[in-house]
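# What the coordinates show
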Amino acid sequence: AFRRGWLAEGRAGYNHFRFDQRSLVPTGGLADRLGFGNIHVPGMEATDGLPVISLGFGASTGGSTFKPLHFLDRNLQLTGSVSVPAARHDVKVGVDFRRLRTRADFSVFPTGFFFFGGPGLSLTSDPYFGYFDPDAFYSSGGSDVADLLLGLPMSVTMGLQFSRPETLAWEGHVFAQDAWRVNERLTLTYGVRYEYQAPYAEADGQAANFDPDGMRILLADRGGNSSSLIRPDRDNFAPRLGFAWRAAEDTVLRGGWGLFYSPENAGRADVMTKNYPFALREDLVNDVFSGLPFAYVLDTGVPRQSSAEVPPGEAIPVEDIPNAGNQPSFFVDPEFRTRRGQRRDIAHGRGEADQAAHHHAH
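Since we're looking at a predicted model, the values are computed, not measured. (Residues numbered from 1 in each chain as written. Predicted model: local features only at pLDDT ≥ 70, side-chain atom pairs only at ≥ 80, totals over all residues. Heavy atoms only, no water.)

Further remarks concern the packing of aromatic side chains. A complete count under the given rule lists nine aromatic pairs for this structure. Taking 6.4 Å as the distance between ring centres and 75° as the angle between the ring planes, the aromatic pair formed by Phe71 and Phe106 counts as edge-to-face. With Phe71 in strand E4 (residues 69-85) and Phe106 in the loop between strand E5 (89-105) and strand E6 (113-116), this residue pair connects regions lying 35 residues apart in the sequence. With a relative accessible area of 15%, Phe106 lands in the buried category. Grouping aromatic residues by their ring pairs yields a cluster made of Phe17, Phe19, Phe71 and Phe106. Over the face of the ring belonging to Phe106 we find Lys274, whose NZ or CZ atom lies 3.7 Å from the ring centre. (Phe/Tyr/Trp six-rings, centres within 6.5 Å; stacked < 30°, edge-to-face > 60°. Helix = DSSP H or I, 4+ residues; strand = E, 2+ residues; numbered from the N terminus. Buried < 20%, exposed > 50% of the residue type's maximum accessible area, 1.4 Å probe, protein only. Lys NZ or Arg CZ within 6 Å of the ring centre and 35° of its normal.)

What follows concerns unusual backbone geometry. Pro68 follows Lys67 through a cis peptide bond whose omega is 5°. Locating Pro68 in the fold gives a position in the loop between strand E3 (60-62) and E4. In this structure, Pro277 follows Tyr276 across a cis peptide bond, with omega equal to 10°. Inspection of the secondary structure puts Pro277 in the loop between strand E14 (251-262) and strand E15 (279-285). Of note, Phe109 is a non-glycine position whose phi angle comes to about 60°, a positive value. Along the polypeptide, Phe109 turns up in the loop between E5 and E6.

All right, on to the pattern of salt bridges then. Inspection of the entire model under this criterion finds 16 salt bridges. A salt bridge links Arg98 to Glu171, with the shortest nitrogen-to-oxygen separation between them at 3.4 Å. You can see Arg98 sitting in strand E5 and its partner Glu171 sitting in strand E8 (residues 166-181), a full 73 residues away along the chain. Residue Arg98 is classed as partly exposed on the basis of its relative accessible area of 27%. Relative accessible area serves as the criterion here: at 5%, Glu171 is assigned to the buried category. Of the charged contacts, one joins Glu335 and Arg231 as a salt bridge, the two residues approaching to 2.7 Å between their closest N and O atoms. Here Glu335, found in the loop between strand E16 (315-317) and strand E17 (339-350), pairs with Arg231, found in the loop between strand E12 (216-219) and strand E13 (237-248); they are 104 residues apart in sequence, far enough to count as distant. Among the charged side chains, a salt-bridge network with shared partners connects Asp96, Arg98, Glu171, Arg193 and Glu195. (Salt bridge = Lys/Arg side-chain N within 4 Å of Asp/Glu carboxyl O.)

Time to look at the pairing of strand E9 (residues 186-197). Two faces make up the sheet, and in a regular strand the side chains alternate between them. Two elements, E8 and E9, share 11 bridges in a ladder whose sense is antiparallel. What sits directly across from Glu171, in E9, is Gln197. Between E8 and E9, which follow one another and run antiparallel, lie four residues. Where E9 lies against E13, nine bridges are found, and the strand directions are antiparallel. Within the sheet, the bridge partner assigned to Leu188 lies in E13 and is Phe243. (Pairing = 2+ DSSP bridges.)

Pasting the structure below:
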């Protein structure tokens, strides 16, 4: 039972957010009809649109680098607090729990990003211009438009998401604070908050992180690997200090200082679901100096991989990954810490000084 004057407060919230974006002209046959080889993969919606074409002089056309995009967030929050008044103190303690669930279903460069270099970088440049001057060995001339007509991009980036990732995390926070009315003119507030923000983990373990020391891909929730592949940060204590001082009958000065922790941006939820073998990305380059055969020609393209087998064990050595030399990987430091910042505020107000000081204490 609560004593007289005590106040208990509880709240519950649920957020359901869905967001969908589709490609420009999302039709599976158009890329084929326009002569782009090996863009469309039957049965994979992400490959239905047009590739992105970017020319060296700045023009760009075509589809998207990430659409179709499907987001679905379902987040639950429960909070509770108890306030205990005393002669000159208002003590408050509370808890805050959040269950986070997000689905970020999209591929990176699903229909390809094609860049055609301008003069000096294009495939129709003269690679031997200045050949007899070792200090001026560079190409000259050429045209990005001519390269496009010939189907010879300078660089190509293509990728596919093989899974439909759904990531989970939770946060638990507790706090205690006090507002001490030192006298009729001064009120001090102080307290501390502890925050735990669990790293995101994919619901079915379909996440991977690059290990630069071992030159391998670590697979989540396999062997000795954790489900998140990130060590939790458990020391996020956040003190708070504040005051409200009535400097004159019509003037109140207020100030405060505190430490605050940020879970960074929402990209932390799904970045490791974009690594092989749950997703694939390839970077191909046509080098004007290397000549034939070119690595990529628009009308033939390269064979597209629409799935990847997850091998047994807790890691995949880089040498066992197909075309590993053309595949970038995402790396998140396993010791990644929640970022901390400080905030200071000084303000003053006029009128109703007693009421302003009392409100600041709460």
